[in-house]
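Structural description and commentary
Here's the letter readout for the chains.
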Amino acid sequence: MPPLTMRTSSTSLWPSAAFVIVYAILRGIAPHAQSAETKLGFSFTNVAREAGLDVTTIYGGQQSNKYLLETTGCGAAALDYDGDGWMDIFLVNGTTLEGFPKGQEPTNHLYRNKGNGTFEDVTKRAGLAASGWGQGACAGDYDNDGHEDLFVTYWGQNKLYRNTGDGTFEDVTSRAGLTQTRARWGAGCAFLDYDRDGRLDLLAANYIDLDLSTTPVPESGLCRYKGIPVACGPPGLRGGKNVLYHNRGDGTFEDVSERSGITRAKGTYGLGVSTLDFDGDGWTDVYVANDSNPSALYRNNHDGTFTDIGVGSGCAYSQDGKPQAGMGLAIGDYDRNGTMDIFKTNFAGDTSTLYANTGNGFCEDRTFSSGIGFNTRWLGWGVGFLDLDGDGWLDLFLVNGHVYPEVERIKTEAGYKQRKVVYRNLHNGRFADVTEQIGPPVTVAKAGRGAAFADFDNDGDVDVVVNNIHDPPDLFRLDRTADVHWVSLKLVGTQSNRDAIGALARVVTADGEQRQEVRGGGSYYSQNDLRLHFGLGSNRAIDRVIVRWPTGREETFTGLAIDRLHTLKEGGGAR
Amino acid sequence: MRAALACACVLLVCASAECQTLQAGAVQSPTGDVKTTLASARKLITDGNAKEAIAKLQALDTSMPEVGHLLGVAFYHADDHQHAIEQLAKVRDKLPEGSTERREAVQVLGLCYYLTGKYADAVPLLEETRRWAEDNLELGYILGMAYIQTRQPDAARRELARTFGVAPESAAANLMAAQMMIRLEFEPLAEAELKRALEKDPRLPRVNYLLGQLALFRGRLDEAITLSERELAISPGDAMTWYQLGDAYLRQSRWDEAATALQKSLWINPFYSGPYVLLGRVYVKKGQPATAEGMLRHAIQYDPNNRTAHYLLGQVLQQAGRTEEAKREFDIAERLQSPGR
């Protein structure tokens with residue numbers, strides 16, 4: 001197999017970290033950041049403002065919230081909507097109970113990546129200026145036309161936008177058969193090909209069957225957090241049921257939620273959604289982080305149905321068998337044992353949960369043994385596995401912020417706005433919290449919610465865009481300062497769905513094998529980069545890349561150069 | 001909580017039939033018909049028919065302080081605290097100073113504010129009630145809790161010391177305040193109280209245990225172990241501290257040390273399910289599923305509604321391929337699941 005053509009170079013068009021450091025030293029600032037970088041081998045810079053991401057996300061009341069509806073915030077999607085090889089950003093927006101005068105409503109925003117470190121707001125031109133109680137977003141080429149489509153969830157009516165290929169989207173919700181008979185609280189979502197027919201289906205979680213007219217308010221005195229009246233729920237409110245839509249291949253979808261067993265989950269109050277192949281059988285499974293309930297691990301039964309095996313497999317509760325307030329999800333093989341592990345963010349006063357996939361159908365809760373069990377102050381939302389320093393081991397980035405604005409009155413709490421948490425993988429099953437070592441910008445407190453993980457500057461590492469409540473977004477550009485190598489892969493299906501969602505890539509080098517999957521959904525309410533990014537450490541050569549496509553077909557690619565992006569086409573080899 | 005408060009209200013203001021008569025008689029302005037209705041409504045409230053009393057009282061002129069007052073009390077007894085607050089806030093200052101009605105209005109209004117989470121509003125009213133009910137334990141408890149909720153640790157300590165019969169400036173008072181702060185999940189306040197208790201009396205039992213519990217909750221496992229060991233140096237026969245020490249070792253994956261501490265806990269108190277559950281987890285990790293199963297079945301024997309024990313037993317059985325038995329345990333665990341954070 002000949003070497004494959006790279007789509008982009010490894011040269012970033014954003015100012016380099018080295019330049020930033022030198023400039024900072026000359027100005028006599030940031031010695032802390034400099035020393036941290038030296039030790040860590042990476043740094044973050046928040047480039048949101050310079051990049052042009054400047055629109056504030058509006059979501060509920062700022063000082064207090066009457067309903068839980070005002071707390072969940074919004075997701076983010078990384079997608080290359082114009083096919084230029086640069087990942088664009090879609091940020092969901094919300095509203096308030098009071099609403100806005102016509103024409104002044106906050107809208108979702110699509111930012112086109114100009115490839116020079118800046119983004120252009122193309123929302124109106126793209127036809128995506130919708131308003132409402134926006135929640136999550138996921139991307140996928142459901143009609144296999146080569147253009148990424150977009151699904152946006154709402155409290156109300158979810159929307160499917162078809163990418164026409166000329167820079168615009170059309171709202172095809174009704175035509176696609178996705179109109180709901182009643183308002184629902186759509187949450188996390190994911191495109192997936194669960195029946196291996198080469199077409200992307202769609203799964204959307206539903207959080208609460210919310211009826212504002214019957215929901216108790218804080219003044220009722222029924223709902224308190226540490227003595228302070230707060231928005232009620234989710235306990236006491238009727239939980240939503242997740243939905244699965246089967247892609248008929250003619251531009252329409254069929255609701256197969258009941259028939260597929262998706263509605264027969266043990267728990268409810270679904271939030272974050274991600275696809276994964278939990279049991280390594282080549283069929284796409286789904287994990288849904290449930291709030292205050294056992295989370296769902298939907299095992300694909302290969303016959304169009306799913307079974308929630310979360311409880312039985314030990315992947316649903318805390319290690320004490322208690323339900324947690326699941327929010328966001330990261331999936332990855334952090335211990336490099338060849339199986340996909342699950343990391344779930346939870347409520348304040350609790351830990352996040354790290355479920356190690358033992359490979360025999362069970363999760364082992366390694367929250368404490370991995371060294372992350374001491375962090376109980378933060379309330380987590382978006383989260384991702386990413387290789388910060390390029391050493392070939394997956395690290396973790398968590399976005400935090402309290403649910404209740406009222407906690408500002410409690411001095412002993414971590415606050416409504418909270419800093420991020422960054423864990424470095426120590427290669428021995430343990431993580432170290434390096435947040436303070438990194439310092440700003442990750443220690444700057446925000447009310448974070450959704451976060452999408454993608455290589456926005458095509459330099460081979462994964463950056464993070466965060467959707468904050470009542471604040472403009474953050475764009476954390478990651479720069480590696482250590483001398484490490486990398487490879488990125490864009491998988492293109494031909495028999496499989498074109499995005500290759502569900503594919504598994506194994507990169508084999510002298511020091512072993514790394515595995516990553518192309519996944520629908522992820523994080524909290526968000527869509528991560530569909531391309532795969534591998535840190536290679538000091539490896540200067542790739543032995544081979546083995547891809548198992550969503551159809552089950554396996555292909556081996558050899559002769560791939562390091563430090564570049566390769567496009568691997570199913571059955572076509574090099575391009 | 002609701003039952004205890006209602007009880008306190010009755011104890012303080014209207015404990016007897018004489019009281020009812022007195023109150024009805026104390027009303028000066030109402031006509032005879034109104035007086036009769038008020039007396040009848042009061043009896044309905046006392047007999048547990050607050051909703052009927054509300055209906056009767058709403059048929060009267062509720063702008064009359066005496067009617068508004070009793071209507072507020074009726075709403076309180078009907079668990080409608082919001083309407084009780086509306087009524088009582090309107091009439092409280094119109095009732096004669098020092099009258100039984102005024103005292104009842106102040107007290108019930110304070111309780112309603114407390115029950116609806118308006119602790120800052122509740123405190124002055126409960127303090128006012130305290131002046132004429134100095135020895136009432138229930139009031140002391142509620143006021144102490146309200147002080148914690150409004151983050152007044154010194155006042156809370158004084159009030160709870162009186163309630164629990166310890167000297168207000170003693171280490172024991174700090175300990176009691178901390179205990180209640182932990183109950184209300186005000187851990188940082190509790191930690192400060194416990195540290196003050198240790199300064200005053202380093203050998204006071206339970207202080208190191210509770211500090212260890214807070215450390216364990218925060219995932220500070222080395223600290224939890226040290227504090228548990230300090231507690232055991234003072235109270236070597238405390239089964240709960242051995243249990244806590246075992247828990248901390250377990251979270252550090254120190255299986256043998258965890259097993260030893262948990263076994264000691266069980267030798268002291270073999271009837272508590274907690275150590276059996278943790279031993280179940282230890283033996284799973286040590287690759288001894290049969291022993292783990294035995295421990296978990298012991299836990300269930302002593303605490304049949306222990307959801308964690310059923311869940312972990314389900315996992316042990318599932319991993320052993322005994323899927324039907326596992327399913328049964330998972331189903332029980334699911335039934336026992338209580339929602340809520």
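All values derive from a computational prediction rather than experimental measurement.

A few words now on the overall build of chain A. Each helix and strand in chain A was counted, giving six helices and 37 strands. Here the C-alpha atoms of chain A give a radius of gyration of 22 Å, agreeing with the 25 Å that 2.2 N^0.38 yields for 575 residues. Overall, chain A is about 65 × 60 × 50 Å in size when its C-alpha atoms are taken along their principal axes. Within chain A, the fraction of its 575 residues that count as buried is 60%. Within chain A, residue pairs in contact and separated by at least 24 positions form 62% of the contacts whose partners lie at least 6 positions apart.

The next thing to look at is the overall build of chain B. Check the secondary structure of chain B and you find 20 helices and zero strands. The C-alpha atoms of chain B give a radius of gyration of 26 Å, which is well past the 20 Å a tight globule of 341 residues would have. Considered along the principal axes of its C-alpha atoms, chain B spans approximately 80 × 55 × 30 Å. Taking all 341 residues of chain B together, the buried fraction comes to 48%.

All names here are of chain A. Here the bond from Gly233 into Pro234 is cis, since omega is -5°, no more than 30 degrees from zero. Among the secondary structure elements, Pro234 is positioned in the loop between strand E13 (228–229) and strand E14 (243–247). Backbone torsion omega between Pro440 and Pro441 reads 5°, so that peptide bond is classified as cis. As for its position among the elements, Pro441 is in the loop between helix H6 (435–438) and strand E28 (448–454). Of note, His470 is a non-glycine position whose phi angle comes to about 55°, a positive value. By the element assignment, His470 lies in the loop between strand E29 (463–468) and strand E30 (474–480).

The next point concerns the nonpolar core. If you look at the biggest cluster of nonpolar residues, it comprises 267 residues, and the most contacted ones within it are Ala77(A), Leu150(A), Ala74(B), Ala146(B) and Leu296(B). For Leu150(A), the contacting residues outside a window of four places in its chain are Ala77(A), Leu79(A), Phe90(A), Ala137(A), Ala139(A), Tyr161(A) and Phe169(A).

Turning next to the environment of Gly280(B). Residues and elements named next belong to chain B. Secondary-structure assignment places Gly280 in helix H17 (residues 273–285). Separated by 224 residues in the primary sequence, Gly280 and Lys56 place their C-alpha atoms 60 Å from one another. With residues up to four places along the chain from it excluded, the contact list for Gly280 reads Ala292, Met295, Leu296, Ala299 and Leu312.

Of the residues making up helix H4 (residues 50–58) of chain B, those classed as buried are Ala50(B), Ala53(B), Ile54(B) and Leu57(B). Taken down its axis, H4(B) places every buried residue within 105° of arc, on the same side.

All names here are of chain B. With respect to the secondary-structure elements, Ala299 resides in helix H18 (residues 289–302). Assessed through the 25 C-beta atoms surrounding it within 10 Å, Ala299 is described here as buried. On a C-alpha basis, the gap between Ala299 and Ala192 in space is 35 Å, while along the polypeptide they are 107 residues apart. Setting aside residues up to four positions removed in sequence, Ala299 forms contacts with Ser273, Tyr276, Val277, Gly280, Asn306 and Ala309.

Once that is clear, we can look at helix H20 (residues 323–335) of chain B. Residues and elements named next belong to chain B. Its 13 residues place the ends of H20 18 Å apart at the C-alpha level, agreeing with the 18 Å of an ideal helix rising 1.5 Å per residue. Restricting attention to buried positions, one finds in H20 the residues Ala326, Glu329, Phe330, Ile332 and Ala333. Viewed end-on, H20 has its buried residues packed into an arc of 160°, placing them on one side of the element. Within H20, the exposed residues directed more than 90 degrees away from the buried face are Glu324 and Arg335. Against the buried residues of H20 lie helix H19 (307–319).

So, on to the sheet that holds strand E27 (residues 431–433) of chain A. Residue and element names in this part refer to chain A. Reading across the sheet, the four strands line up as E24-E25-E26-E27 and stay open at both edges, with antiparallel pairing between neighbours. Each edge of the sheet is formed by a strand with only one pairing partner; in this case those strands are strand E24 (380–386) and E27. The average angle at which neighbouring strand axes cross in this sheet is 20°, direction not considered. Relative to E27, strand E26 (residues 421–425) runs antiparallel, the two being bridged by three bridges. Residue pairing in the sheet places Tyr423 in a bridge with Asp433 of E27.

Residues and elements named next belong to chain B. On average, residues of chain B carry a pLDDT of 90, and 90% of them reach 70 or more. Scored below 50 in pLDDT, residues 1–11 shows 16 contacts in the model against residues more than four places distant or in partner chains. The complex model carries a pTM of 0.86, and its ipTM stands at 0.77.

For the rest of this paragraph, the subject is the environment of Ser257(A). All names here are of chain A. If you trace the backbone, Ser257 turns up in helix H5 (residues 257–260). Separated by 126 residues in the primary sequence, Ser257 and Ser131 have C-alpha atoms spaced 27 Å apart. With near-sequence residues (within four places) excluded, Ser257 lies in contact with Lys241, Asn242, Val243, Leu244, Ile262 and Thr263.

The relative placement of two packed helices comes down to the angle between their axes together with the axis-to-axis distance. All names here are of chain B. It is the contact of helix H3 (residues 32–46) with H4, at a shortest axis distance of 7 Å, that shows an interaxial angle of 160°. Judged on the interaxial angle alone, H4 and H3 are roughly antiparallel. Two packed elements cross with a definite hand, and for H3 against H4 that hand is left-handed. For the pair H3 and H4, contact is made by Thr37, Ser40, Ala41, Leu44 and Ile45 and by Ala50, Glu52, Ala53, Lys56 and Leu57, respectively. The residue makeup of the contact of H3 with H4, split by class, is six nonpolar, two polar and two charged.

Residues and elements named next belong to chain A. For strand E31 (residues 485–492), the buried fraction is high: seven of the eight residues fall into the buried class. By the bridge criterion, six bridges tie E31 to strand E37 (residues 564–569) in an arrangement that is parallel. Bridge assignment links Lys490 to a residue of E37, and that residue is Thr567.

What follows deals with the pairing of strand E17 (residues 285–290) of chain A. As a general feature of sheets, a regular strand has side chains that alternate between the two faces. Residues and elements named next belong to chain A. For E17, a buried count of six out of six residues is recorded, marking the element as mostly surrounded by other parts of the structure. As defined by bridge partners, E17 adjoins strand E18 (residues 296–300) across three bridges and the pair is classed as antiparallel. Along E18, the bridge assignment pairs Tyr287 with Leu297. In this antiparallel pair of consecutive strands, E17 and E18, the connection spans five residues, and Ser292 shows a positive phi of 60°.

About the criteria used
Residues numbered from 1 in each chain as written. Chains lettered and ligands numbered in written order. Predicted model: local features only at pLDDT ≥ 70, side-chain atom pairs only at ≥ 80, totals over all residues. Helix = DSSP H or I, 4+ residues; strand = E, 2+ residues; numbered from the N terminus. Rg over C-alpha atoms; globule rule 2.2 N^0.38 Å. Buried ≥ 20, exposed ≤ 12 C-beta atoms within 10 Å, placed from the backbone. Contact = placed C-beta atoms within 7 Å. Core = buried A, V, L, I, M, F, W, Y, C linked by C-beta atoms within 7 Å. Arc of directions from axis to C-beta. Expected span 1.5 Å × (residues − 1). Pairing = 2+ DSSP bridges. Axes fitted to C-alpha atoms, helices over the stretch in contact; angles between N-to-C directions. pLDDT = per-residue confidence, 0-100. Parallel < 35°, antiparallel > 145°, perpendicular 65-115°, else oblique. Left-handed = near helix turned anticlockwise from the far one by under 90°. Nonpolar A, V, L, I, M, F, W, Y, C, P; charged D, E, K, R; others polar.

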